[in-house]
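What follows is the residue order along each chain.
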Amino acid sequence: MLPFRFLTPILFVGLIGISHAQDAPPQIDTRIYEIIENTSSERIEKDIRTLAGFGTRNTFSDTLSDTRGIGAARRWIKAEFDKISAECGGCLEVFYQKDFVTKEGNRRVPKDAYVVNVVAILRGTDYPNSHVIMSGDIDSRASDTMNFEIDAPGANDNASGMAGTIEAARVLSKYKFKHSIVFVGLSGEEQGLFGGQGLAQYSRQKDWEIIGILNNDMIGNIEGVDGVIDNRTFRIFSEPTPANESEQERRARRFTGGEVDGISRQLARYIHKQVKTYMPEMNPMMIYRLDRFGRGGHHRPFNDLGFAGVRIMEAHENYNRQHQDIRVEDGIAYGDVIEGVNFDYAEKLTSVNAISLAGLAWAPPAPKDVRIGGAVRPSTTLAWEESNDPNIAGYKIYFRLTTSPTWDNFVYVSGVNEHTLEGIVIDNYYFGVAAVGKDGNESPVVFPLRQIRR
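What counts and what doesn't
Residues numbered from 1 in each chain as written. Predicted model: local features only at pLDDT ≥ 70, side-chain atom pairs only at ≥ 80, totals over all residues. Heavy atoms only, no water. Buried < 20%, exposed > 50% of the residue type's maximum accessible area, 1.4 Å probe, protein only. Helix = DSSP H or I, 4+ residues; strand = E, 2+ residues; numbered from the N terminus. Pairing = 2+ DSSP bridges. Expected span 1.5 Å × (residues − 1). Arc of directions from axis to C-beta. Contact = heavy atoms within 4.5 Å. Salt bridge = Lys/Arg side-chain N within 4 Å of Asp/Glu carboxyl O. Polar contact = N/O pair within 3.5 Å; in protein donor to acceptor, adjacent residues only side chain to side chain. Axes fitted to C-alpha atoms, helices over the stretch in contact; angles between N-to-C directions. Disulfide = S-S within 2.5 Å.

Considerations on the pairing of strand β16 (residues 429-437)
Then, number 1: Burial runs high along β16: eight of the nine residues are buried.
Then, number 2: Where strand β13 (residues 392-401) lies against β16, nine bridges are found, and the strand directions are antiparallel. Note on β16: the bridge partner recorded for lysine 396 is alanine 434.

Here is the structure:
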């Protein structure tokens, strides 16, 4: 094995044992900065105002009007995706995906109806069946979610996330990616995550490989009900381990660790790392929880099927502006209206999504069959399945103290599918492996679930 010098996650400080420095990939991809620069708060504001202008987007509101209700909103969203596709020479596959839901057995469903999602796929060049997804919610609600006629503009919840998804499609459609990127507006969130359930099942039926879903639900508020005003901090919610893991996997984890190292947690760390590298002015908070306390979001149906998924949202919520009839009581204004949205902040969180989607979609596939060994030894060995992908420059073997939330150290290797970290005791750290492309973009880190047996 070639000896390698330790590298920090951001700074490339040199290698020992590689004859030419150019053999190592760059530590940044300058195209990511272009993506940030090209994201527009003005376009996001225009889209949020348009969506809020439909009066209500309750899942069971008017579907025939061209100016009010969920039908008008989803047709407008599809038209925007179609327009983006026309500008990039038909690069997006745009379609509706729908499922029928019934009143019977669903306490938040006032009548039988179709829940309709709007999907736009930017097909990957190398791995077209491998998808990374960004979602926003189309629907809105007032105090009573069963009331589908009252005004419910849903400016922040969730016109902000939907507008961010459309804007990310505008920006990223200018590029080609190895993996497919899916931009989607999901419906039925307020009634029970029906849109996410429908798309998750659709993706399984179509045998999609899913790198992960970035669910955006409320990305425009900076004034918290707790009095805090913060336009730089945001939250990334992720569950610790897959909901559908086997009993055998659960038992193995008890003895080998990995309680906070499921695929959704690795996706959260990936986003955190992208932001700290390319948008250091932002303060990403990784929340070690599926979602807010006792609540849910549209990444959960994907998590339920074993796919990686996170929720990206503002750090300081204002409950006076969520799920409220528009009114003034005791001098307090209630309702989710345009005045509660900060468009510059929505632009920042849209950029967070866009650079994460781009990095994941440009990166080579994640290593497969990652294994680990090193019990009762003064060293730790990682091994993985050899890849024939010509885009892979090498691999980063990451490790961190078991109490650390982030991957703090790594060793870069190339031309091998096994490496031993001398002097690193397996008991004191957690480990993982990421594939690195020639352009410097990395796959998510893969945590080893099997032991090397020799």
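That covers the picture; the talk isn't over yet.
Here we look at helix α2 (residues 41-52)
Then, number 1: Taking 1.5 Å per residue as the helical rise, α2 with its twelve residues ought to reach 16 Å, and the 16 Å between its terminal C-alpha atoms agrees with that figure.
Then, number 2: All of the buried residues along α2 are Ser41, Ile44, Asp47, Ile48, Leu51 and Ala52. Taken around the axis of α2, the buried residues stretch over an arc of 130°, which confines them to a single face. Opposite the buried face of α2, by more than 90 degrees, sit the exposed residues Glu42 and Lys46.
Then, number 3: Where α2 is buried, its residues touch α3 (70-87), α4 (155-172) and α10 (343-362).

Section: the pattern of salt bridges
Then, number 1: For the structure on display, the rule yields 29 salt bridges.
Then, number 2: With a shortest N-O distance of 3.0 Å, aspartate 439 and arginine 31 are connected by a salt bridge. In this pair, aspartate 439 is assigned in the loop between β16 and β17 (450-451) and arginine 31 in helix α1 (residues 31-38), connecting sequence segments 408 residues apart.
Then, number 3: The class for arginine 31 is partly exposed, based on a relative accessible area of 26%.
Then, number 4: Between arginine 49 and glutamate 45 there is a salt bridge, with its nearest N and O atoms 3.0 Å apart.

Examining α10
Then, number 1: An ideal rise of 1.5 Å per residue puts 28 Å on 20 residues; α10 measures up with 28 Å between its terminal C-alpha atoms.
Then, number 2: A large share of α10 lies buried, amounting to 19 of its 20 residues.
Then, number 3: Two or three places before aspartate 344, at the start of α10, stands the capping residue asparagine 342, its side-chain oxygen 3.3 Å from that residue's backbone nitrogen.

Focus on the sheet that holds strand β5 (residues 209-216)
Then, number 1: Strand order across the open sheet formed by eight strands is β1-β2-β4-β3-β5-β8-β6-β7, with mixed pairing between neighbours. The sheet terminates laterally at β1 (92-101) and β7 (283-287), the two strands that pair on one side only. Strand-to-strand, the axes of this sheet are offset by a mean angle of 25°, without reference to chain direction.
Then, number 2: Across five bridges, the pairing between strand β2 (residues 113-122) and strand β4 (residues 179-186) is antiparallel. Looking at β4, one finds that valine 119 is bridged to valine 184.
Then, number 3: Strands β3 (127-137), β4, β5, β6 (233-237) and β8 (309-314) of the sheet are contacted by α10, whose axis makes an angle of about 165° with β3.

What to know about the state of the cysteines
Then, number 1: With the rule as written, the count across this model stands at one disulfide.
Then, number 2: Between the sulfur atoms of cysteine 88 and its disulfide mate cysteine 91 the distance is 1.9 Å. Across the S-S bond linking cysteine 88 and cysteine 91, the dihedral sits near -80°, which makes this disulfide left-handed.
Then, number 3: Accessibility expressed as a relative area gives 15% for cysteine 91, which makes it buried.

Re the environment of glutamate 45
Then, number 1: By the secondary structure assignment, glutamate 45 is in helix α2.
Then, number 2: Placed 31 residues apart in sequence, glutamate 45 and tryptophan 76 show a C-alpha to C-alpha distance of 15 Å.

Take it as geometry only, folks, not as evidence of what the structure does.
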